[in-house]
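# A look at the structure
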Amino acid sequence: MAKKQTVSFTLNGTQVDVVVEPRELLIHSLREKLQHTGPHIGCETSHCGACTVDIDGMSVKSCTVLTVQCQDAEVLTIEGFEQGGELHALQEGFTQEHGLQCGYCTPGMITRAYRLLKENPSPSEEEIRYWMAGNLCRCTGYQNIVKAVQYAANKLSSASA
Amino acid sequence: MQDFSYQRPAALTAAIEAFEQAEDGRFLAGGQTLLPVMKHRLATPSDLIDLAGISDLEGISIAGSALSIGAMTTHARVASAAEVHDAIPALAKLAGCIGDPHVRNRGTLGGSIANNDPAADYPAAVAGLNATVYTDRRRIAGDDFFTGFFETALEEGELITRVEFPVAAAACYQKFDDPASGYAVVGVFVSRGSQGVRVAVTGATPCVFRMRDLEAALNRKFTPETVSGFCVPEEECNDDLHATAAYRSHLVGVMATRAVAAITDGEM
Ligand SMILES: Cc1cc2nc3c(=O)[nH]c(=O)nc-3n(C[C@H](O)[C@H](O)[C@H](O)COP(=O)(O)OP(=O)(O)OC[C@H]3O[C@@H](n4cnc5c(N)ncnc54)[C@H](O)[C@@H]3O)c2cc1C
Ligand code: FES
Ligand code: FES
């Protein structure tokens, strides 16, 4: 068996160390070793985006990244969104606009939408659909997910205006 | 996934050395193909040599009348880089229609062409623009690089360092994508430059190829109507759950016509 390695990275602002075999996927380290069960496993074949996390300012599928590739990285998951008991504008948007039904895709959706709004604070509906294409939802039909992202975009831009 | 050892060298020479010392080594780029393949145990390397620590392999620059793109440059970077938009907008568009944003954030040019998936997009640009592939030991002409179904001219342990794309006067890539993955059911890359017209087709057959008879006709008369006399026979086309051979054969003509029309209309 290949030697286990200690990998250190920042998880939602906190420094963490995790001991893994090289073949361990980031989603498994997060869920099983670091008790961050927000990112979900939908397919484990790189298609659904339920496992989306943000690594060094980029949305990635954490089922398609090895934990050993994350040395010194900054990782953000859905657990990092609520601040001081207050929901993030995206979490509020998904609640207000009924952007979820079963909720399985939601942590990935919100984590992806967060990066989208950082890159483009007021995206059009078409842009939202293009830039959210890596996240699948089997329940909502996407309509209310688009509205939820727009809700958050409006709230964030009026807060910064 | 089967057990393996992992290392992340900081220099090209160290990566080559690591490969030579490994029993059954593999280079790891973005992992967007290799990790799924390893999950299925279709690849079971003893050692993964991560190229992400070698900064020389990443980046975009203009070299004379060519655009040079490092092997580890991600699809997302190619899609958004001003240098690519200015020099070869069709290439930026191609990179921007690969998979989805997450895949583009990690997937790389070098990984895509080394893998040579019959439905991948970049091979169409390499063949359609007459690009040159640079490796740790030599340069390979785009026309000689893709040799068959998931096969390339790369030797054991040969590492792609960068690809040079000549800047064509005009180019356009049209693809009919698979709605689930984004891969090309059929994609056609047409370019028109000082060395004439090139037409490269991906997705249709087991390996990307150039339609040389159509190129010759377009060199005489560059109009969308010219395409109608040419086709890729159904017997040569892939037939799978995504599309029948007959459908793919038909799509080649549709995509080629659209690409030529976009170039003549000046809307690439
Ligand atoms: C959901 C999904 C959708 C996708 N959709 C598309 C699509 O629409 N179009 C498309 O074209 N592709 C698509 N892809 C594939 C994607 O573009 C990959 O990025 C690409 O195939 C290469 O992967 P990579 O760069 O991550 O390389 P890896 O997966 O790390 O490596 C792939 C292979 O290339 C070798 N390799 C990597 N770098 C080098 C190098 N510098 N020199 C020599 N060998 C090297 C590796 O050893 C390995 O064998 C999709 C992938 C996924 C998961
Ligand atoms: S679980 Fe990672 S993409 Fe579906
Ligand atoms: S809410 Fe059920 S998958 Fe999206």
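Reading the values: rules and limits
Residues numbered from 1 in each chain as written. Chains lettered and ligands numbered in written order. Predicted model: local features only at pLDDT ≥ 70, side-chain atom pairs only at ≥ 80, totals over all residues. Heavy atoms only, no water. Pairing = 2+ DSSP bridges. Helix = DSSP H or I, 4+ residues; strand = E, 2+ residues; numbered from the N terminus. Contact = heavy atoms within 4.5 Å. Axes fitted to C-alpha atoms, helices over the stretch in contact; angles between N-to-C directions. pLDDT = per-residue confidence, 0-100. Domains from an automatic or database assignment. Buried area = accessible area lost by both parts, 1.4 Å probe. Salt bridge = Lys/Arg side-chain N within 4 Å of Asp/Glu carboxyl O. Polar contact = N/O pair within 3.5 Å; in protein donor to acceptor, adjacent residues only side chain to side chain. Buried < 20%, exposed > 50% of the residue type's maximum accessible area, 1.4 Å probe, protein only. Nonpolar A, V, L, I, M, F, W, Y, C, P; charged D, E, K, R; others polar. Near = heavy atom within 4 Å. Areas by Shrake-Rupley, 256 points an atom, 1.4 Å probe, with all protein chains shown as cover. Expected span 1.5 Å × (residues − 1).

So, on to the sheet that holds strand β13 (residues 196–202) of chain B. Residue and element names in this part refer to chain B. Judged by pairing direction, the sheet is antiparallel, and its four strands sit side by side in the order β11-β12-β13-β14 without closing on themselves. Here the strands that pair on one side only, and so sit at the sheet edges, are β11 (170–177) and β14 (209–210). Bridge count between β11 and strand β12 (residues 184–193): eight bridges; the pairing is antiparallel. From the neighbouring strand, Ala171 faces β12, where its bridge partner is Ser191. Against the sheet, helix α5 (residues 89–96) engages β11 and β12, with an angle of about 20 degrees to β11.

With that settled, consider the confidence of the model for chain B. Per-chain confidence: chain B averages 97 in pLDDT, with 99% of residues scoring 70 or above. Among the prediction metrics, the complex's ipTM stands at 0.96, with pTM recorded as 0.97.

Residues and elements named next belong to chain A. What the domain assignment lists for chain A is domain 1 (5–80) and domain 2 (89–160). Computed from C-alpha coordinates alone, the two centres of domain 1 and domain 2 are separated by 21 Å. Contact with domain 1, which involves 18 residues of that partner, is made by 14 residues of domain 2. With both chains or domains summed, domain 1 and domain 2 bury close to 1200 Å², and 55% of this area falls on carbon and sulfur atoms. Its largest share of buried area at the contact with domain 2, domain 1 owes to His40, Thr52 and Ile78, together 37% of the area lost on that side. If you look at where domain 1 meets domain 2, you find one salt bridge. Counting across the interface, domain 1 meets domain 2 through eight residue pairs in polar contact (both at pLDDT 80 or more).

Here we come to unusual backbone geometry. All names here are of chain B. Look at Arg41: it is not a glycine, yet its phi comes out positive at around 60 degrees. With respect to the helices and strands, Arg41 occurs in the loop between α2 (34–39) and β3 (47–50). At Asn130, a residue that is not glycine, the phi angle is positive and equals roughly 55 degrees. Summarising the element assignment, Asn130 is placed in the loop between α8 (122–128) and β6 (132–135). Residue class for Asn130 comes out partly exposed when judged on its relative accessible area of 23%.

Another aspect to go through is the interface of chain B and chain A. Counting residues at the interface gives 26 residues for chain B and 27 residues for chain A. Summed over both sides, the interface of chain B with chain A buries roughly 2200 Å², with 56% coming from carbon and sulfur. Looking only at chain B, the three residues that lose the most surface to chain A are Tyr6(B), His102(B) and Arg106(B), adding up to 29% of its buried area. When the shortest N-O distance is used, the salt bridge between Lys61(A) and Asp100(B) registers 2.6 Å. Linking chain B with chain A are ten residue pairs in polar contact (both at pLDDT 80 or more). Looking at the side of chain B that touches chain A, the elements that each hand over two or more residues are β1 (5–7), α2, β3 and α6 (101–106) of chain B. If one sorts the elements of the side of chain B that touches chain A by residue count, α6(B) sits on top with six residues. A breakdown of the residues in the side of chain B that touches chain A according to their chemical character gives ten nonpolar, eight polar and eight charged.

Turning our eyes to something else, we now look at the site of ligand 1. Neighbouring ligand 1 are 32 residues; Arg26(B), Phe27(B), Thr33(B), Leu34(B) and Thr108(B) lie closest to it. Each of chains A and B places residues next to ligand 1. The side chain of Thr108(B) places a nitrogen or oxygen atom 2.6 Å from an oxygen atom of ligand 1. The separation between a nitrogen atom of ligand 1 and a polar main-chain atom of Ile160(B) is 2.9 Å. For ligand 1, whose free accessible area comes to 980 Å², the fraction covered by protein is 95%. For the shell around ligand 1, the elements supplying multiple residues, two or more each, are β2 (25–28) and α7 (109–115) of chain B. Examining the composition of the shell around ligand 1, we find that four residues originate from one element, α7(B), more than from any other.

Take helix α3 (residues 106–119) of chain A next. All names here are of chain A. Relative to the 20 Å expected for 14 residues at 1.5 Å per residue, α3 spans 20 Å between its end C-alpha atoms, a close match to the ideal helical length. Within α3, twelve of the 14 residues are buried, which leaves the element mostly enclosed by the surrounding structure. Of the residues making up α3, those classed as buried are Thr106, Pro107, Gly108, Met109, Ile110, Thr111, Arg112, Ala113, Tyr114, Arg115, Leu116 and Leu117.

All names here are of chain B. Burial runs high along strand β10 (residues 160–166): five of the seven residues are buried. Of the pairings in the sheet, the one linking strand β5 (residues 66–70) to β10 comprises five bridges and is antiparallel in character. From the neighbouring strand, Gly70 faces β10, where its bridge partner is Arg162. The pairing of β6 with β10 spans four bridges and is classified as antiparallel. Note on β10: the bridge partner recorded for Tyr134 is Arg162.

Let us look at the environment of Thr223(B). Residue and element names in this part refer to chain B. Take Thr223: it is sitting in the loop between α10 (212–220) and α11 (245–264). Overall, Thr223 belongs to the buried group, its relative accessible area being 18%. A sequence separation of 41 residues divides Thr223 from Thr264, and the C-alpha atoms of the two residues are 7.1 Å apart. Beyond its immediate sequence surroundings of up to four residues, Thr223 is in contact with Leu218 and Val260. Within the local environment of Thr223, its side chain forms a polar contact with the side chain of Thr226, the two groups lying 2.9 Å apart.

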